[in-house]
Amino acid sequence: QVHLVESGGGLVQAGGSLRLSCAASGVTFSRYGMGWFRQAPGKEREFVAGISWSGGSTYYADSVKGRFTISRDNAKNTVYLQMNSLKPEDTAVYYCAGGRYGGGGNTAYEYDYWGQGTQVTVSS
């Protein structure tokens, strides 16, 4: 059974940093593309960042480019999202996703498995 478990969310002031982690089990992690999505209250879920199975390709939403960094450690079956210079508009539930496609692209249909989400709140 596949499990993706996010951690690292919390409350932070604007300008601060957080690092989200997503631990995967039940999958051959090193073959999966991984992504982070987020959903703010009253809004649709949106792509944040993605990384290919090898880590060789990364993708970012324009709104987070230069502030967020996605990375992965295939030995630990874990993907990370380092978030710097956080803004109140980054407040959302952040979801980790894994896709057998392997590309780590920016559309939800590429992903087969989803975590339960972790809350990130940025105060002004």
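About the thresholds
- Residues numbered from 1 in each chain as written.
- Predicted model: local features only at pLDDT ≥ 70, side-chain atom pairs only at ≥ 80, totals over all residues.
- Heavy atoms only, no water.
- Helix = DSSP H or I, 4+ residues; strand = E, 2+ residues; numbered from the N terminus.
- Buried < 20%, exposed > 50% of the residue type's maximum accessible area, 1.4 Å probe, protein only.
- Core = buried A, V, L, I, M, F, W, Y, C linked by side-chain atoms within 4.5 Å.
- Phe/Tyr/Trp six-rings, centres within 6.5 Å; stacked < 30°, edge-to-face > 60°.
- Disulfide = S-S within 2.5 Å.

Caption draft 1: The arrangement of the environment of Thr28 in detail. Along the chain, Thr28 falls in the loop between strand E3 (18-25) and strand E4 (33-39). For Thr28, a relative accessible area of 43% puts it in the partly exposed group. Separated by 26 residues in sequence, Thr28 and Val2 place their C-alpha atoms 9.8 Å apart.

Caption draft 2: Quick look at the nonpolar core. Counting residues in each nonpolar core, the largest one holds 32 residues, and the members touching the most others are Met34, Trp36, Val79, Leu81, Met83 and Tyr94. Contributing elements (two or more residues each) for this core: E3, E4, strand E5 (46-51), strand E7 (68-73), strand E8 (78-83), strand E9 (92-99) and strand E11 (118-123).

Caption draft 3: View of the packing of aromatic side chains. Counting across every chain of the model gives 5 aromatic pairs. Consider the rings of Phe37 and Phe47, whose centres lie 5.6 Å apart with planes at 75 degrees: the pair is edge-to-face. Highlighted residues: Phe37 in strand E4 and Phe47 in strand E5, separated in sequence by 10 residues. The pair formed by Phe37 and Phe47 is uniform in burial state, with each residue classed as buried. Seen from their ring centres, Tyr111 and Trp114 are 6.2 Å apart, and the 65 degrees between their planes marks the pair as edge-to-face. Judged by relative accessible area, which is 6%, Tyr111 ranks as buried. Of the aromatic side chains, those joined through ring pairs into one cluster are Phe37, Phe47, Tyr111 and Trp114.

Caption draft 4: Local environment of the state of the cysteines. Taken as a whole, this structure holds 1 disulfide when the rule is applied. In this model, Cys22 is linked to Cys96 through a disulfide, with the two sulfur atoms separated by 2.1 Å. Where Cys22 bonds to Cys96 through sulfur, the torsion about that S-S bond is close to -75 degrees, and the disulfide is left-handed. In this pair, Cys22 is assigned in strand E3 and Cys96 in strand E9, connecting sequence segments 74 residues apart. Given a relative accessible area of 0%, Cys96 falls into the buried group.

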